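Next come the chains, spelled out residue by residue.
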There are 2 protein chains.
Amino acid sequence: MVYIGIDLGGTNIAVGVVSEAGSILSETSAKTLAERPYQEVIRDMAACVMKAVTKAGLTEADIASIGIGIPGVAQGDSGVVFNCTNLGWINVPLRAEMQKYINKPVFLDNDANVAALAESYFGVSAGYKSSVMITLGTGVGGGIVINGRPWAGAHGRGGEIGHMTLVPDGAPCTCGNNGCVERYCSATALIRTAKQECYSFPDTAILKKAGGDINRVNAKLVIDAAKEGDASALRVFNSFVKYLAMTINDITAFFDPDIIVLGGGVSYAGDFLLNNVAALLPRYQMFKALPIPKLALAKLGNEAGIVGAAMLGK
Amino acid sequence: MVYIGIDLGGTNIAVGVVSEAGSILSETSAKTLAERPYQEVIRDMAACVMKAVTKAGLTEADIASIGIGIPGVAQGDSGVVFNCTNLGWINVPLRAEMQKYINKPVFLDNDANVAALAESYFGVSAGYKSSVMITLGTGVGGGIVINGRPWAGAHGRGGEIGHMTLVPDGAPCTCGNNGCVERYCSATALIRTAKQECYSFPDTAILKKAGGDINRVNAKLVIDAAKEGDASALRVFNSFVKYLAMTINDITAFFDPDIIVLGGGVSYAGDFLLNNVAALLPRYQMFKALPIPKLALAKLGNEAGIVGAAMLGK
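Summarised in this report is the structure supplied together with it. These numbers were taken from a predicted model, which means no experiment stands behind them.

Turning next to the pattern of salt bridges. Inspection of every chain in the model, using the stated rule, returns 18 salt bridges over all chains. Between B:Lys314 and B:Glu20 there is a salt bridge; the shortest N-O distance is 3.1 Å. Of this pair, B:Lys314 sits in the segment after helix 10 (304-311) while B:Glu20 sits in the loop between strand 2 (12-18) and strand 3 (24-31), placing them 294 residues apart in sequence. Overall, the relative accessible area of 42% leaves B:Glu20 in the partly exposed class. Across the salt bridge formed by B:Lys209 and B:Glu228, the nearest N and O atoms sit 2.7 Å from each other. Here the residue B:Lys209 occupies a position in helix 6 (residues 205-209), and B:Glu228 occupies one in the loop between helix 7 (219-227) and helix 8 (231-254), the gap between them amounting to 19 residues. One network of salt bridges, in which partners are shared, links A:Arg36, A:Arg43 and A:Asp44.

Here it is, written out as structure tokens:
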């Protein structure tokens, strides 16, 4: 038997046929074209699944289950997507719609939960009883895994680390609240504060790396400039790291997992990020003498979306 | 068989013999006298257990297990108390020491986790799959229950809601960090800000209720003045409620339990607290349209410490 994993994004649908051992046996993809009615998107997802299965030399009978990672809030038990801002989906019966085409068990969960699950099966958090993954991308996501199962919360809202409150009455967030982690610890936040530095200190290496065009400033370029010791870039990066350390303390104080995994685009900064966060953690942890969760970089790349989704059915 | 529950506090040791159904069959207590060597404290705990068992007309053979709620951080698996500030205990082998006197399974956990467990067995969160209790007392504690079992985290640090960071670089905390929830959401915080109001607005009803003596200001008196509409007391209370709403959002965003229970001394404010928090929650929640955890007041009183500790062995 094989497990189907679907990584549903705002731009692309990526489908993989995944073995028991976590190998991707075949892959297909299609454009999401999210402006269409959801029925059409899900019909294309089902078509992608069957194409991938055929490509792997298998048939529908070989499918154990279909797992879907979605960029939003899902209530796994009900099979319904509550809210997907990127897709414009509200209360979409994804499981029921998918089962019109392929009558197999269908599981859904938030894409960050799914990535955390993949890491806990085959990545850096494998073998740990509990793990929390923080995905530092355009926004900030999170996933919780307890005893090998993702924890999405009672209403599918769990793991939304990006929307924990970090600064009371702070920067307004797209979620309708203020001061969310995402406003201070995302690639978007890095870029925003870097642009402010570019205005104040036009000599910064950030602006040089962007060819003098402030609109070309991105997270990688800010981190590269910080690695080289540029003062503006270091201010931006250090502020990011400080807020991340506070967020890690929140997770430790509340949940205290065995391991906390840093993933998402900003985590490609690698050891430069990991070492700087680890160095600052003791300052922002409660009860300094007590052991804290292990901190590590995510190991799986893009395939985590497909593999983790597939493992929802395991 | 019966379950022994021990509520170990900085001042008193309270021991109860608890039935399968959660009734306390008999109780004993002793002074903790925490300045003594831990061996003597634990010897007295064991003596209290045997006295309570005899009082219930039972013998050692009737004891299924001994559960102990401690005012600090314990690593349940190892049976060792890492840190108890109130008792001055660091790395105390509580289980091994207790088993010198009574050779039964011994379980330990933080007192807030234990209270949360009691509520989930016999109180307001009974029947829910997951719950989080926030204890609003001198400090702020917390307990997490998942599928009827307490979650103390991988290193015994879980549920320390009072030490999540609420205000970056905020008020210094006894834990060595800054801006902890406990600095803004405890009875201590209520009293501190109330005293500031008394200095600035000596006409406040808070000071009148304290007989003009600022040192007699306590949490109950501040809440009573707020209920009567005193402007100073309302400023103090509303600030407390606002920070509590942010903390509840943090718990919802990260963990999303079925129910959040408010306990501890400040929760005796009852519906006045509950209704004000519930009214403010929509303002401080992410994604306003999605369902949120149920919010409720703790139902069990002081006996939660004994009953919850006993249930550690169930």
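Residue and element names in this part refer to chain A. An order of 11-10-9-12-13 is seen for the five strands of this open sheet, with the pairing classed as mixed. Here the strands that pair on one side only, and so sit at the sheet edges, are strand 11 (149-150) and strand 13 (294-297). Pairing of strand 9 (residues 130-136) with strand 12 (residues 259-263), which is carried by five bridges, proceeds in the parallel orientation. Residue pairing for strand 12: valine 132 is matched across the bridge by isoleucine 260. Across the face of the sheet, helix 8 (residues 231-254) comes into contact with strand 9, strand 12 and strand 13 while running at roughly 155 degrees to strand 9.

Before going further, it helps to examine the interface of chain B and chain A. Counting from both sides, the interface comprises 52 residues of chain B and, opposite them, 52 residues of chain A. Note on chain B versus chain A: buried area summed over both sides is about 4,700 Å², and carbon and sulfur give 60% of it. When the area that chain B buries against chain A is broken down by residue, the three leading residues are B:Trp151, B:Arg157 and B:Phe254, summing to 19%. Seen at the junction of chain B and chain A, the total is two salt bridges. The salt bridge partner of A:Asp169 is B:Lys242, with a shortest N-O separation of 2.4 Å. Here chain B is connected to chain A by 34 residue pairs in polar contact (both at pLDDT 80 or more). Elements with a minimum of two residues in the side of chain B that touches chain A: strand 6 (80-84), strand 9 (130-136), strand 10 (140-146), helix 8 and helix 9 (271-284) of chain B.

Quick look at the packing of aromatic side chains now. By convention here, two paired aromatic rings are described through the distance between centres and the angle between planes. What the rule picks out here adds up to 14 aromatic pairs over all chains. With a centroid separation of 4.9 Å and an interplanar angle of 45 degrees, the aromatic rings of A:Tyr184 and A:Tyr243 are classed as tilted. Of the two residues, A:Tyr184 sits in helix 4 (residues 182-185) while A:Tyr243 sits in helix 8, which places them 59 residues apart along the sequence. According to the relative accessible area criterion, A:Tyr184 is buried, its value standing at 14%. Of the residues examined, A:Tyr243 reaches a relative accessible area of 18% and is grouped as buried. Here a set of aromatic residues connected by ring pairs shows up, and it is made of A:Trp151, A:Phe254, A:Phe255, B:Trp151, B:Phe254 and B:Phe255. The ring of A:Tyr284 is capped by A:Arg283, whose NZ or CZ atom sits 4.6 Å from the centre of that ring.

Here is what the cut-offs are and how they apply
Residues numbered from 1 in each chain as written. Chains lettered and ligands numbered in written order. Predicted model: local features only at pLDDT ≥ 70, side-chain atom pairs only at ≥ 80, totals over all residues. Heavy atoms only, no water. Salt bridge = Lys/Arg side-chain N within 4 Å of Asp/Glu carboxyl O. Helix = DSSP H or I, 4+ residues; strand = E, 2+ residues; numbered from the N terminus. Buried < 20%, exposed > 50% of the residue type's maximum accessible area, 1.4 Å probe, protein only. Pairing = 2+ DSSP bridges. Contact = heavy atoms within 4.5 Å. Axes fitted to C-alpha atoms, helices over the stretch in contact; angles between N-to-C directions. Buried area = accessible area lost by both parts, 1.4 Å probe. Polar contact = N/O pair within 3.5 Å; in protein donor to acceptor, adjacent residues only side chain to side chain. Phe/Tyr/Trp six-rings, centres within 6.5 Å; stacked < 30°, edge-to-face > 60°. Lys NZ or Arg CZ within 6 Å of the ring centre and 35° of its normal.

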